[in-house]
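# Summary of the model geometry
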Amino acid sequence: MRTDGPAWETAKRPALGALQLPEQPEELLAAHARDLDVAWRNVAAGLGSAEEVRLDADGRLHAAAIRAVPDPPSLIDLRRRLEVMLPP
């Protein structure tokens, strides 16, 4: 989708208004980036040191070997029942 020209100029205000977005997105994007960074760091902290997870100075996640949580019996049963209901 193009974001220039007369068609965009006509549609811009109604589209941005309907989506509740500002015309200049820099401040909104910066706020979302901060929120995402905080959430990412909380996830990494919640995994704990036993999982050998850390964030580097650039905010990149590094994980050695995160152990998978085994599927509970109820999920295994649900998966089996769904398989027979779905067409081949």
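Reading the values: rules and limits
Residues numbered from 1 in each chain as written. Predicted model: local features only at pLDDT ≥ 70, side-chain atom pairs only at ≥ 80, totals over all residues. Heavy atoms only, no water. Patch = residues over 30% accessible without salt bridge, like charges linked within 9 Å, V, L, I, M, F, W, Y side chains within 5 Å. Areas by Shrake-Rupley, 256 points an atom, 1.4 Å probe, with all protein chains shown as cover. Salt bridge = Lys/Arg side-chain N within 4 Å of Asp/Glu carboxyl O. Helix = DSSP H or I, 4+ residues; strand = E, 2+ residues; numbered from the N terminus. Buried < 20%, exposed > 50% of the residue type's maximum accessible area, 1.4 Å probe, protein only. pLDDT = per-residue confidence, 0-100. Expected span 1.5 Å × (residues − 1). Bend = angle between axes of the 7 residues up to and from the residue.

What follows is about a nonpolar patch on the surface. Together, L75, L78, L82, V84, M85 and L86 line one region of the surface with nonpolar side chains, adding up to about 590 Å² of accessible area. The residue L82 is located in helix α3 (residues 73-85) in this model. Assessed through its relative accessible area of 39%, L82 is described here as partly exposed.

Oppositely charged side chains are able to pair whenever their charged atoms sit close together. For the structure on display, the rule yields 7 salt bridges. Between K12 and E23 there is a salt bridge, with the nearest N and O atoms lying 3.0 Å from each other. A residue pair is termed long-range when its members are at least 10 positions apart, and K12 in helix α1 (residues 5-19) and E23 in the loop between α1 and α2 (26-47) qualify at 11 residues. Here E23 falls in the partly exposed class, since its relative accessible area comes to 39%. Among the salt bridges present, the one from R60 reaches D58, with a minimum N-O distance of 3.2 Å.

For the rest of this paragraph, the subject is the confidence of the model for the protein chain. Model confidence for the protein chain is summarised by a mean pLDDT of 86, while 91% of its residues fall at 70 or above. Ranking the elements of the protein chain by mean pLDDT puts strand β1 (residues 53-55) last, at 74, and α3 first, at 95.

Between the first and last C-alpha of α1 there are 20 Å, a value that for 15 residues agrees with the 21 Å anticipated at 1.5 Å per step. Maximal helix bending in α1 amounts to about 45 degrees, located at K12; proline P14 follows within four positions. Where α1 is concerned, the buried positions are W8, K12 and L16.

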